[in-house]
Protein chains: 2
Amino acid sequence: MRHKARTARADLDQVLAAGFVCHLGVVVDGTPMVVPTLYGATADTLYLHGSVAGRSLLGAAAGTVCVTVTHVDGVVLARSVFEHSANYRSAMIYGVPRPVVDDEEKLAGLRVLTEQVVPGQWDYARRPNRKELAATALLALSLEEASVKVRTGPPDDGDSPDAELGLWAGVLPLSTVWGTPVPDPVLPPDVPLPDHLRRG
Amino acid sequence: MRHKARTARADLDQVLAAGFVCHLGVVVDGTPMVVPTLYGATADTLYLHGSVAGRSLLGAAAGTVCVTVTHVDGVVLARSVFEHSANYRSAMIYGVPRPVVDDEEKLAGLRVLTEQVVPGQWDYARRPNRKELAATALLALSLEEASVKVRTGPPDDGDSPDAELGLWAGVLPLSTVWGTPVPDPVLPPDVPLPDHLRRG
């Protein structure tokens, strides 16, 4: 099997660094609820943006949560439907998140989150004022309890009898790409695109 | 606010049709667990591939689950950090999934799932035999209880005092793209790429 559980800390860091959207799972009145939200990771902490989540979710986040980050790298086409699979990297983090209440830490956490999404943006945009900080919900989750699963490589039936079927088999790669920045329609045309948003 | 809850059935269909990976949330011993898996959707049912999930998860899926499908379409860069956001389409489906045990329905469900990922592949690859069917876990979840949230468009602070700051604001589009198919290294070089895998 090419599905592998990874235990090295570097694997976790790599999966977290490769994205900025996670799925946050909580239990609300015994029922699971899974919502997408933005995150930023430091060496030991995952910061989660709580605004999207809403109040009921934040209340539920007083218990254990599960945060999952998934990157789908390709679809694995085997000779048999049974051996079809996906290449992916996925991290699951368990823990009881801590609401960030201190203004200094909240600023630091929002910086981590903003820089994870768009490096350079924190120093460019107007930073939150006191009122905005108060209106921003931020959760901090320890990275201590985490697991990583990865699948890479070709299909698993290349040495099976099915290989004699003469069917094409391999991987259809998938990737996430940035497009050309789209200015706000009301942006004055003389406002330049800053350097940190010029990719490639 | 440009964040919108959508209630039309067409919105749900559109979100589900645009992907094939979901995050399945279950409760295991009171703790939420969120795992990525593949899905396929019909008009009224979501079929979930259970093999990735593992046995403990399938046991937990005897209760209510939450399945979330999310497409991130872009990052919304506002003048202020506070107004930063993401453009996305997300669907949440709640229900108690039914394990598919009938061979005919399992074949039909696997066909839906396979065709959702790679249209044309079901008729091309070798279909599951009886033994493989028995080894495949498939869950069926009604689409009856579902909600959709969508955010589109530019940042929200174009008419705020921050517009005077002279900062660039707009959207960085994100999209998921297929790459060039990568043949299995052991594939004989004379096996052609089938037509249904030639995209663009």
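This section reports on the structure supplied with the text. A quick note: this is a predicted structure, and the numbers were derived from the prediction, not measured. (Residues numbered from 1 in each chain as written. Chains lettered and ligands numbered in written order. Predicted model: local features only at pLDDT ≥ 70, side-chain atom pairs only at ≥ 80, totals over all residues. Heavy atoms only, no water.)

1. Here's the deal with the relation of the copies chain B and chain A
Thinking step 1. Least-squares fitting of chain B to chain A yields an RMSD of 0.0 Å, with the transformation described by 0.0 Å of translation along the axis and a rotation of 180°. The transformation relating the two chain copies, once decomposed into turn and shift, fits a two-fold axis. Within chain B, the C-alpha atom positioned nearest to the axis of rotation is that of Thr176 of chain B, 2.1 Å from it.
Thinking step 2. Mapped onto chain A, 100% of the interface residues of chain B again fall at the interface, so both copies present the same surface. (Least-squares fit on C-alpha atoms with pLDDT ≥ 70 in both. Contact = heavy atoms within 4.5 Å.)

2. Observations regarding the interface of chain B and chain A
Thinking step 1. Taken together, the contact between chain B and chain A spans 76 residues of the former and 76 residues of the latter.
Thinking step 2. Summing both partners gives a buried area of about 6,400 Å² for chain B against chain A, and 71% of it is carried by carbon and sulfur.
Thinking step 3. At the junction of chain B and chain A, the tally comes to four salt bridges.
Thinking step 4. Where Asp162 of chain A meets Arg126 of chain B, a salt bridge forms, and the shortest distance between an N and an O atom there is 2.7 Å.
Thinking step 5. At the boundary of chain B and chain A, one finds 25 residue pairs in polar contact (both at pLDDT 80 or more).
Thinking step 6. Contributions of two or more residues to the side of chain B that touches chain A are made by β2 (21-28), β3 (31-41), β5 (65-77), β6 (85-95), α3 (103-117), β10 (170-178) and β11 (182-183) of chain B.
Thinking step 7. Per element, the largest residue contribution to the side of chain B that touches chain A is nine residues, and it comes from β10 of chain B.
Thinking step 8. Taken together, the residues of the side of chain B that touches chain A sort by class into 49 nonpolar, 20 polar and seven charged.
Thinking step 9. Strand direction decides the pairing type here: strand β10 (residues 170-178) of chain A and β11 of chain B, joined by two bridges, are antiparallel. Each residue of the ladder has a partner; that of Gly170 of chain A, found in β11 of chain B, is Pro183 of chain B. (Buried area = accessible area lost by both parts, 1.4 Å probe. Salt bridge = Lys/Arg side-chain N within 4 Å of Asp/Glu carboxyl O. Polar contact = N/O pair within 3.5 Å; in protein donor to acceptor, adjacent residues only side chain to side chain. Helix = DSSP H or I, 4+ residues; strand = E, 2+ residues; numbered from the N terminus. Nonpolar A, V, L, I, M, F, W, Y, C, P; charged D, E, K, R; others polar. Pairing = 2+ DSSP bridges.)

3. Focus on helix α3 (residues 103-117) of chain A
All names here are of chain A.
Thinking step 1. The end-to-end C-alpha distance of α3, which contains 15 residues, comes to 21 Å, matching closely the 21 Å that a straight helix rising 1.5 Å per residue would cover.
Thinking step 2. By the burial criterion, the buried members of α3 are Lys106, Gly109, Leu110, Leu113, Thr114, Gln116 and Val117. Seen end-on, α3 carries its buried residues on one side only, within an arc spanning 160°. (Expected span 1.5 Å × (residues − 1). Buried < 20%, exposed > 50% of the residue type's maximum accessible area, 1.4 Å probe, protein only. Arc of directions from axis to C-beta.)

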